[in-house]
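# Close look at the chain arrangement
Here is how the chains run, residue by residue.
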Amino acid sequence: GMLFAGLWSCSSLLQLTRAEFHVHELVSLHTIMDVFTTVPEVVISMRGSEEDGEWLSMLFLRAFRVYHVCQVVQFFGFADGIIRSEIVRAVVFMLLRFFCVIVMLGGTFFTLEVLGDVPGFEDSFHSSEMGEISFVQMFYWTFTIVSTVGFGDFAPKNIPSRMFCCAAIVIGVVFFSVETDHLVELHTLLRAGKGKFRGGKAPHVLVIGGGVMSFNSVLAAFLDQIFAEGQEDGWPSVVMLAPCAMSEATQQYIDHCVVRNGLSFRRRLQYLVGSPTSARDLDRCDVTRARMVFVVADPHAARPAEEDQENILRTLYVLRKHPQINLRLMLMRPESKKLANYAGIASDHCFAVNAIKVNLMAQCTRCRGYLTLLSNIFRTDPAETRPRKDAPSWIFEYERGSQMEVYGFTPAKEFDGVPWADFVRAVYGRTGSIPFSIAIGEDIILSPQQPLRLSDLVFALAHSDEALLPCADTLMGTFSEEAIGSDLFMSQLREMSAISVTGASPAARPRHMQSFKGSGGTPEGTPRAQSEDIVPLAESVKSNPARTRSAIAPQRLVELVASKGGHILLICASGASVRVPWIQITTFLATLRPAKRKWEHRPVVVLVPEAPPAAIVSSYPDVGFRVGDALSPDELEHVGVAKAGDIVVLHGPLDVRKGELLTDPGVVDKLQDHRVVALAGVLEHFIGRSYGTCGVTYELGSDRSAKLFPPLHDDKGQHVETQTADDWSLCLNPGFAAGRFFAPNILGAMLGREFYFPATIKLLEVLAMPGQHVQTNRPFLVPLPAHFVGRTFQHLLDEWCSVSLPLGLYRCIFEGEPSLAGLGYVFTCPPAETKLRSGDQVYVLAPRSWAQDKLGLPDSPVWRTELAAALGEPQIQVAVTHS
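Residues numbered from 1 in each chain as written. Predicted model: local features only at pLDDT ≥ 70, side-chain atom pairs only at ≥ 80, totals over all residues. Heavy atoms only, no water.

When helices and strands are tallied, the chain shows 32 helices and 23 strands. Of the contacts formed within the chain by residues at least 6 apart in sequence, a portion of 74% connects residues at least 24 apart. (Helix = DSSP H or I, 4+ residues; strand = E, 2+ residues; numbered from the N terminus. Contact = heavy atoms within 4.5 Å.)

If you want it as structure tokens, here you go:
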């Protein structure tokens, strides 16, 4: 008994520790059952004597635990390797569950009979022809005959009773048949999503859009971020509304969450069948009380233009019915955002996935690993992605940086009027957090060089919002349910939702609606960079079909750039039967050709499976285009893959014919990536297994595909391991740590964090596309000056923050190997005592002139003059994009 008590106590303490002694775990059915069944045994063991009688054991109720274990074992498939037949396995588990139910029911009957009647509630009997009877006995007997069981222990003795018994049996059969059919029908309707959401005290969000109909990695990452581990107090209820029945993948996700979080989780996630264009269906979702509405796009849509148009229509129906609802619209194509603005949807409440994706991948050619840095600070990683104790030393620095997230706060009164640099030094010295941006009115400013005001909303990189308390007056982005429901939080939420990175809008106009200035004008708040640079080029391609198949640029330009080396190589990995994503390619090129930073221009070569449109060739005359298959070694050799400075791989859209035949989103993800994975092997042949100093960024359809890539090696052939707890996790993959992978689930996670931190997407757009939001300070990756080697990151920040703001480091995995700079990792917001070492590069927010001086680049690119001389031309026209 004592041994059993000790083992149970250790097990319960371990379980409570893992749950951080959360109140939900303390009052869960499992915990109550454990206490109710084991405490009597512990008392008996401690008494050591049975002279005063025995306690009635409740150990038979432990069968409830066995029942739960059977569910877990069956769900995770632990018995699949032991019992291979599915039929036999199902029968075995059915018998085990049936045995558990019989044990619990039989033990309960035995206990009740042994204990007898409850004192004060004894039955009173009366004599009759049936014998000694009572009301309780007649209730019991009537229930048995109405339910058609009939034990036969009682029988009526007179004619009236017998006649009434016949009528009662008929009534009982009809009653139970009708009621059973009603329950089955109701259960079927509820399972089919025809029910109604009935919320409780917790807030709820509504999720609609094409991404809900087919469960995919974006929706999974969105829900994982909504139900982030360790933040159970702030979990909302999620209502998903779609016009079709729940998919098998969605049901599997819900079942997995139930096994992980308990049966109570089923009330947190509800799937309803209906349309957001129906006012009745919106009322079923209780949209008037919804904290936020998310319109999620399907990243695997065969026709993304139609997908965006349908989601815009869904959004308009919701906004017309509820104009003040807090809504976020996810679109696929950048030109769809302009259509949404014309339709009256505010630009700061919708975003284009492809625009953010391509801009981030273009930024990675300037700031290696920048994609990983932003991904880590805008999402919460699950606990199972923590490294093991025997992991390499570099992984712990990377993991510590990946735990930094963005939080908002208003500064304490002592910082009123303090210069920004002094404020940054004070916050970093006290809390180890780095403030990097402020919101003033409706503008977001990166690293402002102006005195701080108490009304400014500051955004900082921190381990938690509590870490900012020594320097904060009011915290934002808290996860507690009490704070989310408070009036203060709601006022802050409305203020953050009103932040516009593209310009102010009239106060009299509803926040989510836009008006027009004259007929055919651009909606107020539309980003000028998108409307003037990217979209017109796409429209010119579409308006003149005759120009869509023109001759490519002279091959001499490609050959010269490839032979020189150090260029940016953009590869479209899609096959010849799939359309080329020209809009994404033009967005990529536009990002690399800023008008005011010609010193940053680098030669670019594009490898595509079909000839580019004439409009693109004429718009970018200094870019070389080559038509060929990305998996052909000869084509890769022609574009100089072995000498390239940076390589970016786009997987392109899925073949429409294949996408329509597939219903499993997981299969669609992997089908998109099969050419990218194959290309990675070919690139390794040219570049080497260590990738040298070349930076490579891959676009993936599924984050799990990263595990299929060839493992990274150093120059001695040593395999780079991470020793992660989750072998399929992208978070601690060495390629992701180096900034090599982009998967759509990254944006899904950021969209989910929008519920807790409503400025997430806006900050992401400012950091990913600073040129479109008129920022003085922009992200750069500069080498660490030699005189800082051996000093601390605190010294670096103190000296630089007057002009530029350091955010983190990009370090080589193998210290002291500059030839392996491509094998690096991102170290976000290092501790003050971090020693700087040779080969480190620093992520900074800085002005153009400061960054140009640190990078040592001339005002006019030398490579353009050399190419002009080699081609025998006076000069090569400069292709620039005006931001």
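Moving on from the coordinates now.
This part is about the nonpolar core. Within soluble globular proteins, side chains that are nonpolar generally end up buried alongside one another. Ranked by internal contacts, the top residues of the largest apolar core, which has 162 residues, are Leu223, Phe436, Ile571, Ile647, Leu683 and Tyr698. Of the residues forming this core, the biggest block, seven residues, is contributed by helix H26 (residues 665–687). By size, the runner-up hydrophobic cluster in this structure holds 23 residues, among which are Ala590, Val604, Ile616 and Tyr620. (Core = buried A, V, L, I, M, F, W, Y, C linked by side-chain atoms within 4.5 Å. Buried < 20%, exposed > 50% of the residue type's maximum accessible area, 1.4 Å probe, protein only.)

Of note, Asp286 is a non-glycine position whose phi angle comes to about 55 degrees, a positive value. Mapping Asp286 onto the fold places it in the loop between helix H11 (279–284) and strand E6 (292–295). Positive phi values are uncommon outside glycine, yet Cys829 reaches one of about 45 degrees. With respect to the helices and strands, Cys829 occurs in the loop between strand E22 (824–828) and strand E23 (841–846). The exposure class assigned to Cys829 is buried, which follows from its relative accessible area of 1%.

The next subject is the sheet that holds strand E8 (residues 350–352). Read across the open sheet, the six strands follow the order E5-E4-E3-E6-E7-E8; overall the sheet is parallel. Each edge of the open sheet carries a strand with a single partner, namely strand E5 (269–273) and E8. Put simply, the sheet's adjacent strands are angled 20 degrees from each other on average, direction ignored. Strand direction decides the pairing type here: strand E7 (residues 327–331) and E8, joined by three bridges, are parallel. If you follow Met330 over to E8, its bridge partner there is Phe351. (Pairing = 2+ DSSP bridges. Axes fitted to C-alpha atoms, helices over the stretch in contact; angles between N-to-C directions.)

With antiparallel pairing, the five strands of this open sheet are ordered in space as E11-E10-E12-E9-E13. In the strand order of this sheet, the two ends are held by strand E11 (443–446) and strand E13 (472–476), each with one partner. In this sheet, neighbouring strand axes are inclined to one another by 35 degrees on average, regardless of whether the strands run parallel or antiparallel. The pairing of strand E10 (residues 434–440) with E11 spans four bridges and is classified as antiparallel.

Glancing now at helix H12 (residues 304–321). Since the α-helix turns once every 3.6 residues, residues separated by three or four places project in the same direction. In this model, H12 (18 residues) spans 26 Å end to end at C-alpha, consistent with the 26 Å of a helix rising 1.5 Å per residue. All buried positions along H12 are accounted for by Pro304, Glu307, Asp308, Asn311, Ile312, Arg314, Thr315, Leu316, Val318 and Leu319. On its buried side, H12 packs onto strand E3 (204–208), helix H8 (210–213), H11, E6, E7 and helix H13 (334–343). (Expected span 1.5 Å × (residues − 1).)

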